[in-house]
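# Tertiary structure, described
Below, each chain spelled out in residue letters.
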Amino acid sequence: MLTYKVQPKGAVSPGMNTCQGCMIDVIFRNALDVLGPDTVLVIPPGCAAQFSGCGPEASVTVPGIQGNLENSAAIATGIARGFRHQGNEHTHVVVIAGDGGTVDIGLQSLSGAMERNENILYICYDNEAYMNTGVQGSSSTPLAASTTTTPAGKPVNSKDLIQIVMAHHVPYAATASVANIPDLRRKVEKARDIRGCRVLHVMSPCPTGWGYPPAKTVEVAREAINSGAWVLLEYEEGKIRLGKKPSDLGHVEKYFALQKRFRNADEEDMRRAGAHIAERYAWLEKMAAL
Amino acid sequence: MSTPRNTPMNTPRTRKVLGPCSHVLVAARTGSWRTERPKADEALCVRCGTCARYCPTACITVHREGPPLSFDWDYCKGCGICANECPKQALTMIAEGSEEACP
Amino acid sequence: MSVKLFDGNSAAVEAIRLARPGVIAAYPITPQSGIAERLADEVADGRIRAEYVRVESEHTAMSVAVGAQLTGVRVATATASVGLALMHEVCGVAAGCRVPIVMPVVNRSLASPWSLWCDHSDTMAERDTGWLQYYCATVQEVLDLTLCAYRIAEHGDVLTPAMVCLDGFFLSHSMQRVETPSDEEAWTFVGPYVRKNMYLDPEDVMFVNALCPTFEHTEMKYQQAVGFERAAEVTKDVFSEFERRFGRKLSTVECYRLEDADVAVVTIGSMSGAARYVADQLRAAGVRAGVLRICMFRPFPAEEVRQALKNVKVVGVVDRSSGLGAAQGPVCSEVKAACYGESPRIFSFIGGIAGRDISDISFRRIFGELQEVCEGRRDVCTRWFDASEDAMNIREVETPC
């Protein structure tokens, strides 16, 4: 039984060692608030492992397990099937994993779980690099972004997780952002009430890795949406629904200027990044029109 | 936010557990990280709750009456997101330890 | 109890069925595929009432197993060779989190070179992962040891996962008669799974497997070591109970004509029958030959091995894995350590790699060399006893002009 040394805020410890300005806390608190106490968490190593606890110390008031970096969806599968065998179809089995554990090393197990339509909710908080190990590039790192393993800027575009997810025909998938918490809550609520494999892809900017003042996390996330670098959408029953059209689609200058990771990006980089964003958005619009 | 079902209760009888089991809910005193703290201009604040909604540490409480905001200084990291997001610019960040911060 | 005809894979499936798992996750790999397929059949036909998870890899199979068993149900999985190697990381999680999973492993060589055939390089590579290891000599033992493994692994003082190792093809695909307990007889012995340590339950909150600081990591490893110590005792108790119930004797080590032996071989797995056959022949010819078979390799039964071999003059330990870079094969290392300070001279023999048969001819040769040592006519033995003499020259390719 959990022993309380402090009063939690929602289902989360009030003092978390996430960086100043990091909003993973907000994702955890809101998701767990919407899902309620009948929830089991799977968290891989990474920034979110702060919420797995350390030694005897726990950080959340729901049960959970820290798995390996690449098997969150697989462990969640086991938990969901174990519960189902025991007649428990009510407990929410929820993964909260970073982009590295999702789009890179964990993609295979997630793909398997999506294909089998396991009854799990998979939430990927995307800070677009391996932040916990010191800002190494991931396949979610965008074009031209500098990381410790792409010091001159990443030469290729990021992997398109949400389209990979949609290609698995899951019952519900959505993107969300820490720039819009009510929207995030609504999507978690929706996912909560659907059975099968549900995936939420949430942008969570990282002041430490992206190089901006901690006060600007929401502002940076908002600018990502305005420029189309992050697109809010929902996928349900095979249909894509896009959010409001980005006000500044394909214009990344303002977004890039907020962050030091893009400081070496030249005009050509910005043109390429902008063109990619515009093309991707046009493709999504076509898909949404079907 | 709702209170979880298993909030503080009497300590049950103990049992031995082998292996890595985390079972004591604790908190880091992240308030000690602060170099700046938010200060509210009560005349400008419209109690909309944006600051509280986006506060990473959930340490802002919005009151319906009286002084509009109170802060949990044990955990506020002083990130400044609240001040950056306030639609009325009712929050400003002031230096921790300054005269203004410690009246 | 009835007599059935099973191959090793089917015997493993029968033991799993009798233990009534709630979740099954297995990924097919030669020569284990029969287990993954037949488990799916058993579930489809309603003979096992379990969730069957058609996983996309062995890594996921073990991950599903860990997650599922932590909810309080018995799980089943099985693998072989590179599949076990892929599981390795999660095998450590199962062991460290004290999740007592029982897993048949159908022994097959690890790549490279690619091979489909039997040796112990797969399970020997896992010998320090924190799993109990039992090696079967017959198909009957596949059934018996698997049933026993549930009782041992799940014992409250042990809480350590177990591999039941069966030689690929030699056992997995060999039809043998197997005395099979009825469902009720087996269930009375195995019993339902009871969660005893950590679990995932919203009604009793704990977080499993968080980062463990240095100040208590050693203690967690020590707890596992104590689990192994207790496993050695619990194994004997469970084997005794098994014999009382089913009339078949199981042992951690099997001594054959060792009491007055001058020369002996130490074997593991399915090669043991051939060794006993040759020992009988040698005995008939006046040579005092014996055989010690290691059945339980983890925990290693060092004291039993020492007692069994201390009066033997010359011992040859036959490893079915190469133990590259070591002073001897992995089983031989253990045997030498166990016999340290005793008089037998101990030699390492390595062979039977990747399905090469260890036949009566092999054992005649090994015993022959041991006898020569015994008679003072030889000082070293041929470690790679079944390697061809031109091993370094088996490929000669043409060079470009």
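It should be noted that the structure appears before, not after, this text.
Report follows, based on the coordinates. (Residues numbered from 1 in each chain as written. Chains lettered and ligands numbered in written order. Predicted model: local features only at pLDDT ≥ 70, side-chain atom pairs only at ≥ 80, totals over all residues.)

## Some words on the overall build of chain A
Heads up, the condition is: Strands are runs of DSSP state E lasting at least 2 residues, helices are runs of H or I lasting at least 4, and numbering of each runs from the N terminus. Only C-alpha atoms enter the radius of gyration, while the globule expectation follows 2.2 Å times N to the 0.38, with N the number of residues. Buried means a residue has 20 or more other C-beta atoms within 10 Å of its own C-beta, exposed means 12 or fewer, and partly exposed covers the counts in between; C-beta atoms are placed from the backbone. Contact between residues is assigned whenever the C-beta positions, reconstructed from backbone atoms, fall within 7 Å.
Across its full length, chain A carries 10 helices and 10 strands. Its C-alpha radius of gyration of 18 Å places chain A within 12% of the 19 Å reference for a compact globule of 290 residues. C-alpha extents for chain A along the principal axes are approximately 55 × 45 × 30 Å. Counting the 290 residues in chain A, one finds 62% classified as buried. When contacts within chain A are restricted to residue pairs at least 6 apart in sequence, long-range pairs at least 24 apart make up 66% of them.

## Observations regarding the sheet that holds strand β7 (residues 172-177) of chain A
Short version of the rule: At least two DSSP bridges between two strands are required for those strands to pair. Each axis is a line fitted through C-alpha atoms, taken for helices only over the stretch in contact, and angles between the N-to-C directions span 0 to 180 degrees.
Taken in spatial order, the 10 strands of this open sheet run β10(A)-β9(A)-β7(A)-β8(A)-β6(A)-β5(A)-β2(A)-β4(A)-β9(C)-β1(B), and their pairing is mixed. Looking at strand neighbours, the two that pair on one side only are β10 (239-242) of chain A together with β1 (21-22) of chain B, the edges of this open sheet. Together, β2 (39-43), β5 (92-98), β6 (121-126) and β8 (198-203) of chain A form the strand contacts of helix α1 (residues 24-35) of chain A, whose direction differs from that of β5 of chain A by roughly 170°. Sitting on the sheet, helix α10 (residues 267-289) of chain A touches β9 (233-236) and β10 of chain A, and the angle it makes with β10 of chain A is about 125°.

## Digging into helix α2 (residues 33-44) of chain C
Residues and elements named next belong to chain C. Here is the rule we go by: For a helix, the expected span equals 1.5 Å multiplied by the residue count minus one.
Under the 1.5 Å per step criterion, the end-to-end length of α2 is 17 Å for 12 residues, consistent within 8% with the ideal 16 Å. Listed in full, the buried residues belonging to α2 are G34, I35, A36, L39 and E42. Structurally, α2 contributes buried residues whose contacts are with α1 (8-18), β2 (23-25), β3 (51-53), β4 (75-76) and β5 (102-107).

## Brief notes about the interface of chain C and chain A
Definition in use: Basically, the charged four are Asp, Glu, Lys and Arg, the nonpolar ten are Ala, Val, Leu, Ile, Met, Phe, Trp, Tyr, Cys and Pro, and anything else, Gly included, counts as polar.
Of the residues lining the interface, 39 residues belong to chain C; the matching set on chain A comes to 39 residues. Sorting the residues of the side of chain C that touches chain A by element identifies β2, β3, α3 (58-69), α4 (81-96) and β9 (207-208) of chain C as the ones contributing at least two each. At eight residues, α3 of chain C tops the list of elements feeding residues into the side of chain C that touches chain A. Among the residues forming the side of chain C that touches chain A, the class breakdown is 23 nonpolar, nine polar and seven charged. Direction of pairing for strand β4 (residues 64-66) of chain A relative to β9 of chain C: parallel, over a ladder of two bridges. Paired with G64 of chain A across the bridge in β9 of chain C is F207 of chain C.

## So, the interface of chain A and chain B
With 37 residues of chain A at the interface, the matching set in chain B holds 33 residues. Elements with a minimum of two residues in the side of chain A that touches chain B: β1 (3-4), α1, β3 (57-58) and α8 (217-227) of chain A. Ranked by the residues each element gives to the side of chain A that touches chain B, the list is headed by α1 of chain A, at four residues. In the sheet, β1 of chain A pairs with strand β2 (residues 24-25) of chain B via two bridges, with the strands oriented parallel. Counted as the bridge partner of Y4 of chain A is L25 of chain B from β2 of chain B.

## Structural notes on the pairing of strand β3 (residues 36-40) of chain B
All names here are of chain B. Counting buried positions over the five residues of β3 gives four, a clear majority of the element. Bridging between β3 and strand β6 (residues 91-95) involves five bridges; their strand directions are antiparallel. Of the residues in β6, the one forming a bridge with R37 is I94.

## Quick look at the pairing of strand β11 (residues 263-268) of chain C
All names here are of chain C. Quick reminder of the rule: When the strands point away from the viewer, a crossover counts as right-handed if the route from the first strand across the helix to the second turns clockwise.
Among the six residues that make up β11, six are buried, leaving the element largely enclosed by the rest of the structure. Of the two faces of β11, the one holding V263, V265 and T267 and the one holding A264, V266 and I268 are both buried throughout. Sheet topology note: the β11/strand β12 (residues 289-294) ladder contains six bridges and is parallel. Among the inter-strand pairings, T267 is bridged to a residue of β12, identified as R293. In this fold, the crossover linking β11 to β12 by way of helix α9 (residues 272-284) has right-handed handedness. Across four bridges, the pairing between β11 and strand β14 (residues 314-319) is parallel.

## Some details on unusual backbone geometry
All names here are of chain C. The linkage connecting T30 with the following residue, P31, adopts the cis geometry, with an omega of 0°. Its place among the elements puts P31 in the loop between β2 and α2. In this model, F169 sits at a positive phi of 65°, which is unusual for a non-glycine residue. For F169, the location among the structural elements is in the loop between β7 (162-167) and β8 (176-180). By C-beta crowding, F169 is classed as buried, having 20 other C-beta atoms within 10 Å. Backbone geometry at N209 places phi at a positive 75°, although glycine is not the residue there. Note on N209: 25 C-beta atoms within 10 Å, which makes it buried.

## Details of the nonpolar core
How we decide: Here a nonpolar core is just a set of buried residues of the types Ala, Val, Leu, Ile, Met, Phe, Trp, Tyr and Cys, joined wherever their C-beta atoms sit within 7 Å. For every domain, the bounds stem from an assignment made automatically or drawn from a database.
Residues I96 and I123 of chain A together with Y134, V164 and A264 of chain C are the most contacted members of the largest nonpolar core, which totals 255 residues. The element best represented in this core is helix α6 (residues 139-153) of chain C, accounting for 10 residues. Residues lining this core come from more than one domain, with at least three contributed by each of domain 1 (2-246) and domain 2 (253-374) of chain C. Not counting chain neighbours up to four residues away, the residues in contact with I96 of chain A comprise F28, A31, L41, I43, A48, I123 and Y125 of chain A.

## Focus on the sheet that holds β7 of chain C
Residues and elements named next belong to chain C. Spatially, the four strands line up as an open sheet ordered β5-β7-β6-β13, and their pairing is mixed. Two strands lie at the open edges of the sheet, namely β5 and β13 (296-298), each paired on one side alone. Across the sheet, the mean angle from the axis of one strand to that of its neighbour is 25°, orientation sign disregarded. Pairing between strand β6 (residues 132-135) and β13: two bridges, direction antiparallel.

## Quick look at the packing of helix α2 (residues 72-85) of chain A against α3 of chain C
Note the threshold: Each angle is binned into one of four classes, with values under 35 degrees roughly parallel, values over 145 roughly antiparallel, values of 65 to 115 roughly perpendicular, and all other values oblique. Should the near helix be turned counterclockwise from the far one by less than a right angle, the crossing is left-handed, whereas a clockwise turn marks it as right-handed.
Put simply, α2 of chain A and α3 of chain C touch, their axes get as near as 7 Å, and they point 45° apart. Between α2 of chain A and α3 of chain C, the interaxial angle falls into the category oblique. Our pair here, α2 of chain A against α3 of chain C, has a crossing hand that is right-handed. Here A74, I75, A76, T77, G78, I79, R81 and G82 of chain A of α2 of chain A come into contact with α3 of chain C, specifically with T60, S63, V64, A65, V66, G67 and A68 of chain C. For the contact of α2 of chain A with α3 of chain C, the per-class residue count stands at eight nonpolar, six polar and one charged.

## Things to note about the environment of A50 of chain C
Looking at where A50 of chain C falls in the secondary structure, it is placed in the loop between α2 and β3. Taking the C-alpha atoms as reference points, A50 of chain C and V335 of chain C, separated by 285 residues in sequence, lie 41 Å from one another. For A50 of chain C, the contacting residues outside a window of four places in its chain are H85 of chain A together with P21, G22, V23, I24 and V43 of chain C.

## Some thoughts on helix α12 (residues 360-374) of chain C
Residues and elements named next belong to chain C. Here α12 spans 20 Å end to end across 15 residues, near enough to the 21 Å set by a 1.5 Å rise per residue. For α12, the elements touching its buried residues are β11, α9, β12, β14 and β15 (345-350). Where α12 terminates, the next one or two residues include G376, which has phi positive at roughly 80°.

## Observations concerning the packing of α9 of chain C against α12 of chain C
All names here are of chain C. Where α9 meets α12, the closest approach of the two axes is 9 Å, and the angle between their N-to-C directions is 55°. The orientation of α9 with respect to α12, classified from their angle, is oblique. Crossing of α9 over α12 shows right-handed handedness. Contacts between α9 and α12 involve A274, A275, Y277, V278 and L282 from the former and D360, F363, R364 and F367 from the latter. Looking at side-chain class alone, the contact of α9 with α12 contains seven nonpolar, no polar and two charged residues.

By themselves these figures say nothing about function.
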